[in-house]
Amino acid sequence: MPAGTWDEVSMGTTDERMMPDETVVPLLHCVSADETIAFWRALGFEVTWEQRRPYLYLAFRCSGFELHYGAAPPGLDPTLENTGGCLVMVGAVAPYHAAFVAAMRKACGKVLGKGLPRITRYRPGASRFTVVDPSGNSIVFIRRDEPAELEYGGAKKLTGLARVLDNARILREFKSDDRAAFRALNSGLRRHGETAPHLDRALALAALIELSAALDEPERVPGWGARLREIPLSGSEREQVERAVADPAVLAGWLRRDIPGGGNTGEGG
């Protein structure tokens, strides 16, 4: 390769040069053609190509992007969820998540949040979410202006339970590791709960309730919920706690509603 940038390099013997008009289309592994077609159709994708023989090739289109599939190698286990995947960069992720969730509810009667296929939660203000297809591929929708750097372990400018909450957010949204987020919050609440502001404790307990449901450990919810109900929160604080979870319904019955007036962010409680 000669020295210099790509646009300085002639292509062959012509005067044509490489132009920034490329389109990259991901080619993903497919374990089951029928399940893959049914899933993406349910989410509103158009099937633009369906071929079973002499080899498998599927193509789907939604909005301005495409997903293509070929046959998976023998022995691939989709439940390991290490099949592959791609990134879909968008201006705003919330409309995509809302559209897919609505389509799931219409087609399946519920949001597929566990197992395969599924969609990860979307917290208002978040910059990404993931759709995991029936073959274990992860299609990650990312806002283009997402911060380029993350402070794993929580932002250094934060302390105590606030930093634990930030670390748990990163574990959930960027690593899709609910179990690690649960452990971090559980441990952090034990270490910092006594001195943390009311709101931070409520946010941590709300996250633990949501995670307990996501991890199929519903027996933990009443304990977290009882502790959450004991925390006095103002109306604006209750709203902040409800916005912190993907579905506020998981907090039904666990938030006190008898504290009027302004915020309450004092220590302890």
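The structure presented is a predicted model; accordingly, all values stated were derived computationally and were not measured. (Residues numbered from 1 in each chain as written. Predicted model: local features only at pLDDT ≥ 70, side-chain atom pairs only at ≥ 80, totals over all residues. Heavy atoms only, no water.)

1. Things to note about the overall build of the protein chain
Part 1 of the reasoning: A tally of helices and strands in the protein chain yields seven helices and eight strands.
Part 2 of the reasoning: With 269 residues in all, the protein chain has 42% of them scored as buried.
Part 3 of the reasoning: At a minimum sequence separation of 6, the contacts of the protein chain that also span at least 24 residues come to 59%.
Part 4 of the reasoning: In the structure as shown, the protein chain presents an accessible area of about 14800 Å², 52% of it carried by carbon and sulfur atoms. (Helix = DSSP H or I, 4+ residues; strand = E, 2+ residues; numbered from the N terminus. Buried < 20%, exposed > 50% of the residue type's maximum accessible area, 1.4 Å probe, protein only. Contact = heavy atoms within 4.5 Å. Areas by Shrake-Rupley, 256 points an atom, 1.4 Å probe, with all protein chains shown as cover.)

2. Description of the sheet that holds strand S1 (residues 27-30)
Part 1 of the reasoning: Overall, mixed pairing links the four strands, which are arranged S1-S4-S3-S2 in an open sheet. Edge positions in the sheet fall to S1 and strand S2 (46-51), since each of these pairs with one other strand and no more. Averaged over all adjacent pairs, the angle separating strand axes in this sheet is 25 degrees, with direction ignored.
Part 2 of the reasoning: Looking at chain direction, S1 and strand S4 (residues 65-71) are connected through four bridges and run parallel. By the bridge assignment, Cys30 is partnered in S4 with Ala71.
Part 3 of the reasoning: Along the sheet, helix H1 (residues 33-42) makes contact with S1, S2, strand S3 (57-62) and S4, crossing S3 at roughly 5 degrees. (Pairing = 2+ DSSP bridges. Axes fitted to C-alpha atoms, helices over the stretch in contact; angles between N-to-C directions.)

3. Some points on the environment of Arg243
Part 1 of the reasoning: Positionally, Arg243 belongs in helix H7 (residues 235-243).
Part 2 of the reasoning: By relative accessible area, Arg243 is classed as partly exposed at 47%.
Part 3 of the reasoning: Residues Arg243 and Arg123, spaced 120 residues apart in sequence, show a C-alpha to C-alpha distance of 7.3 Å.
Part 4 of the reasoning: Excluding residues within four positions of it along the chain, Arg243 makes contact with Arg123 and Pro124.

4. A word on the side chain of Arg172
Part 1 of the reasoning: Mapped onto the elements, Arg172 comes out in helix H3 (residues 160-173).
Part 2 of the reasoning: A residue is classified by how much of its surface remains accessible, and Arg172, at 12% relative accessible area, is buried.
Part 3 of the reasoning: At a separation of 2.8 Å, a polar atom in the side chain of Arg172 contacts the side chain of Glu210.
Part 4 of the reasoning: Beyond its immediate stretch of four places on either side in the chain, Arg172 contacts Arg121, Asp177, Asp178, Ala181, Glu210 and Leu211. (Polar contact = N/O pair within 3.5 Å; in protein donor to acceptor, adjacent residues only side chain to side chain.)

5. Digging into the nonpolar core
Part 1 of the reasoning: Formed by 33 residues in total, the largest nonpolar core has its most connected members in Leu185, Leu189, Ile209, Trp224, Leu228, Val241 and Leu251.
Part 2 of the reasoning: Those elements that place two or more of their residues in this core are H3, helix H4 (178-192), helix H5 (198-214) and helix H6 (221-229).
Part 3 of the reasoning: The greatest single-element share of this core, amounting to 10 residues, is contributed by H5.
Part 4 of the reasoning: If you look at the next biggest cluster of nonpolar residues, it comprises 30 residues, including Cys30, Trp40, Tyr122 and Phe141. (Core = buried A, V, L, I, M, F, W, Y, C linked by side-chain atoms within 4.5 Å.)

6. Regarding the sheet that holds strand S5 (residues 84-90)
Part 1 of the reasoning: The strand order S5-S8-S7-S6 describes an open sheet built from four strands, whose pairing is mixed. The open sheet has two edge strands, S5 and strand S6 (118-119), and neither has a second partner.
Part 2 of the reasoning: Sheet topology places strand S7 (residues 128-132) next to strand S8 (residues 137-143); five bridges connect them, and they run antiparallel. Bridged to Arg128 within S8 is Ile142.

7. Structural notes on the side chain of Glu210
Part 1 of the reasoning: With respect to the helices, strands and loops of the structure, Glu210 is situated in helix H5.
Part 2 of the reasoning: Overall, Glu210 belongs to the buried group, its relative accessible area being 9%.
Part 3 of the reasoning: A polar contact of 2.9 Å, which involves the side chain of Glu210, links it to the side chain of Arg121.
Part 4 of the reasoning: Ignoring sequence-local partners within four residues, the contact set of Glu210 consists of Arg121, Arg172, Ala244, Val245, Ala246 and Asp247.

8. Considering unusual backbone geometry
Part 1 of the reasoning: In this model, Arg53 is joined to Pro54 through a cis peptide bond whose omega is 5 degrees.
Part 2 of the reasoning: By the element assignment, Pro54 lies in the loop between S2 and S3.
Part 3 of the reasoning: The omega angle of the peptide bond from Leu116 to Pro117 is -10 degrees, so this bond is cis rather than trans.
Part 4 of the reasoning: Within the fold, Pro117 resides in the loop between helix H2 (94-108) and S6.
Part 5 of the reasoning: The phi angle at Ser63 is positive, at roughly 55 degrees, despite the residue not being glycine.
Part 6 of the reasoning: Relative to the assigned elements, Ser63 resides in the loop between S3 and S4.
Part 7 of the reasoning: For Glu81, which is not a glycine, the phi torsion comes out positive at approximately 60 degrees.
Part 8 of the reasoning: Within the secondary structure layout, Glu81 lies in the loop between S4 and S5.

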